[in-house]
Amino acid sequence: MLRFIIRRLLQMVGVMIALSLLLFLWLRSLPGGTVSAMLGERATPETRARLSKALGLDEPIWVQYVKFMGRALKGQFGASTGVLPGADAFDIFLKRFPATIELSAFAIILAVAIAIPMGYVAAKRRGSAVDNAGIVTSLVGVAIPVFFLAFLLKYFFAIKWGLLPASGRQDSINCTRVTNFFILDGLLTREFDCTWSALKHLILPAVALASIPFAVIFRITRASVLDVLDEDYVRTAEAKGLANRTIRGRHVMRNALLPVVTTIGLQVGALLAGAVLTERVFNFGGIGDTLAVSFFTRDYAVLQVLIIAAAAVFVIVNLLVDISYAVIDPRVRTR
Amino acid sequence: MTSPANDRRKGSDTAPLLTVDNLTVTFQRRGQEPFRAVDGVSFSVRPGQTVGLVGESGCGKSVTSLAIMGLLPKRGNQVTGTVDYEGTNLLTLSDDDMRDRRGKDIAMVFQDPLSSLNPVIPVGLQVTEVLERHRGIKRKDAMPMAADLLKRVGIPDPNRRIKDYPHQMSGGMRQRALIAIALACAPRLLIADEPTTALDVTIQAQILALLKELVEDTGTALIMITHDLGVVAGLCDEVNVLYGGRIVERGDRHPIFREPRHPYTNGLLGSIPRLDTVGERLTPIPGSVADNLPWDHACAFAPRCSQPVEVCTTNTPTLEESGGRALRCFNPVEVAR
Ligand SMILES: Nc1ncnc2c1ncn2[C@@H]1O[C@H](COP(=O)(O)OP(=O)(O)O)[C@@H](O)[C@H]1O
Ligand code: SF4
Ligand SMILES: [Mg+2]
């Protein structure tokens, strides 16, 4: 098991290096080169030469790459030119990325916590009310665009009925910032009203964002449980007279979860895309807006950070999926 | 080689442990006529006795065993008749009461050892969980017992093997493990549904020998389900031959083998390879179950029978008992001598 994890970790490092190389080559191949990209077409030759030297562009390419990597590891990506001109790109990232992660994590936990039990019950009582309700909900979940659902939720629950806040991440109360994960910060500093406020702001966007992962995970769980219920080893478990609880957990769910885990991993990509739209509707202040703005203003410093961060999220999620797979299925471990 | 103990156990004066009476299982199938997979089957098993249920694939052997175990799907079928286990009709027990008996009083070994074991948990746990469930033994204390059980079914190095997963074992070893699981709580009745069909020929013989030894040592009654009369020959005290969901012939092992009376039994005997008839052609029974006539107004076997008479396609033969044997046929095979 440990060897398996170490092997996967090394693979993960390899993937990140390959990605950084691609990023480096892309930055160098920007129209007119990095300097034009950063200074615009009309800069004087002197300014260009100065920046070129400052960026080390006159050195051999591999030296440039090593330096680029060195800076990247230290979080030095330079100053933002478009999103928040002059501010450090990595600082911007540190402030805004936690919002998106908090939202996405909350949404996926919500989706999993409802979809998996519901998928099991739906399969076990095929054709029952729960089954039909699950199927209809999941159809609606995939059919309705995330931003539209977000808008509906905001209109009814926030604006019309005033049950939950309509925008932002927290009420304007005095909160100490530690990690910029607001829920976590409140717990760490024992400012529980801050956590409570952050939680209330999180609910509507998280529900909107959870709709698609819920739908997909519910369907996969249901189908997978139906398959497993037909397996001979479940009949063996029944023949042993085991308690329902044991059969459900140890024999049915443990096997049925394998495809579900893979699906959850794949949903994370869709989740980040959905987060961008949801954040806009709820003015959530995550990387959604930052990404759009940095793109249109050619803020390459910020863009670099975001690309690396997104890649890191995917790689880490993949690692987690692989590890859970190995925990569940011994056949993966020994392979 | 019959010890006095054996004679007593198998003697016809002991009260039956299990009596199946007029068991009928009907499957309701959407847009089709209901289908009677098991059709008025009656037989009994005495303590320590080994009873065979023999017949071609699809004749209702597995459905019979699943009905006894209460393991048929919850919906889409109707079960009638009685399955009496020492005075209790198992068919009327609640789900929970039946769950208390399965794996403890009655255990079962299935056909395919690979798919019958859970691939993602160690074999040891698959043994101990029965002990935990029915005997209330803690997992820690059950582990050495599991190792002992694995040793008893002939798995070498059992202390290491309890940590193995099914895919790390050979086919024969997996079937041994399943037998160990079935015998863990010392059930009084074991049902083995084609336990050797999925195995290599050499392994088949070993598994049969093991089953025979275990039921003789422990006095467990055994219902042996097989499509292969060869399996029955070495193992069973009594043989029930099933065709189209009904018993067509029953008798003790030796009389059945020496003098089969039903043309179907005779046909089955003609299609098993025997050492003393090397070179002779095997004669399989022509046709298939798809040719069956409905039992309601004919002998289902008539289209494939070697010696049908007119009445076979117009009337239903009944199961007639005489001299410890039972036979359902209008025109039985003549007994030589
Ligand atoms: N769950 C089920 N639904 C409908 N038909 C079934 C079901 N299980 C078994 N059958 C039918 O019952 C008949 C007997 O099956 P089975 O007892 O499995 O035969 P075998 O003697 O080979 O074990 C077959 O024709 C089979 O198709
Ligand atoms: S009843 Fe007739 S058809 Fe059926 S087995 Fe006997 S002889 Fe053959
Ligand atoms: Mg069968």
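Residues numbered from 1 in each chain as written. Chains lettered and ligands numbered in written order. Predicted model: local features only at pLDDT ≥ 70, side-chain atom pairs only at ≥ 80, totals over all residues. Heavy atoms only, no water.

Secondary structure summary: chain B contains 12 helices and 12 strands in total. Radius of gyration (C-alpha) of chain B: 21 Å, near the 20 Å computed for a compact globule of 337 residues. Its C-alpha atoms put chain B at 65 × 50 × 40 Å along the principal axes. Taking all 337 residues of chain B together, the buried fraction comes to 50%. Counting only contacts in chain B whose residues sit at least 6 apart along the sequence, the fraction spanning at least 24 positions is 63%. Within the structure as shown, chain B displays about 15500 Å² of accessible surface, and the carbon and sulfur contribution to it stands at 51%. (Helix = DSSP H or I, 4+ residues; strand = E, 2+ residues; numbered from the N terminus. Rg over C-alpha atoms; globule rule 2.2 N^0.38 Å. Buried < 20%, exposed > 50% of the residue type's maximum accessible area, 1.4 Å probe, protein only. Contact = heavy atoms within 4.5 Å. Areas by Shrake-Rupley, 256 points an atom, 1.4 Å probe, with all protein chains shown as cover.)

For B:Lys61, the position within the fold is in helix α2 (residues 61–69). Excluding residues within four positions of it along the chain, B:Lys61 makes contact with B:Leu53, B:Val54, B:Gly55, B:Glu56, B:Glu194, B:Ile225, B:Thr226, B:His227 and B:Leu242.

Glancing now at the side chain of A:Gln267. Tracing the chain through its elements places A:Gln267 in helix α11 (residues 244–281). Apart from residues lying up to four places away in sequence, A:Gln267 is in contact with A:Ile108, A:Ile212, A:Pro213 and A:Val216.

A few words on the site of ligand 2. Near ligand 2 you find B:His262, B:Pro263, B:Cys299, B:Phe301, B:Ala302, B:Cys305, B:Gln307, B:Cys312, B:Cys329, B:Phe330 and B:Asn331, and these make up its full shell. Residues that form the shell around ligand 2 fall into these classes: 8 nonpolar, 3 polar and no charged. (Near = heavy atom within 4 Å. Nonpolar A, V, L, I, M, F, W, Y, C, P; charged D, E, K, R; others polar.)

This next bit is on a positive patch on the surface. Taken together, A:Lys124, A:Arg245, A:Arg248 and B:Lys74 make up a surface patch of like positive charges. Looking at the secondary structure, you find A:Arg245 in helix α11. Given the relative accessible area of 61%, A:Arg245 is considered exposed. (Patch = residues over 30% accessible without salt bridge, like charges linked within 9 Å, V, L, I, M, F, W, Y side chains within 5 Å. Salt bridge = Lys/Arg side-chain N within 4 Å of Asp/Glu carboxyl O. Lys, Arg positive; Asp, Glu negative; His and termini not counted. Charge placed at Lys NZ, Arg CZ, Asp CG, Glu CD.)

The next thing to look at is the UniProt feature "domain: ABC transmembrane type-1" (unreviewed entry) in chain A. Here, the residues flagged by UniProt with the feature "domain: ABC transmembrane type-1" (unreviewed entry) are residues 97–325 of chain A. Here residues 97–325 of chain A runs as 81% helix and 0% strand, with 28 Å between its end C-alpha atoms. (UniProt positions renumbered as here; feature names shortened; annotations may be inferred.)

All names here are of chain A. Taken as a whole, chain A is organised into domain 1 (2–73) and domain 2 (89–334). One C-alpha centre belongs to domain 1, the other to domain 2; they are set 33 Å apart. Contacts between the two partners involve 14 residues from domain 1, matched on the other side by 14 residues from domain 2. A buried area of about 1400 Å², summed over both sides, lies between domain 1 and domain 2, and 85% of it is on carbon and sulfur atoms. Looking at the side of domain 1 facing domain 2, the largest losses of area belong to Phe-4, Met-12 and Leu-23, adding up to 35% of the total buried there. Applying the counting criterion to the domain 1 and domain 2 interface returns 1 salt bridge. No other element matches the 11 residues that helix α1 (residues 2–28) contributes to the side of domain 1 that touches domain 2. (Domains from an automatic or database assignment. Buried area = accessible area lost by both parts, 1.4 Å probe.)

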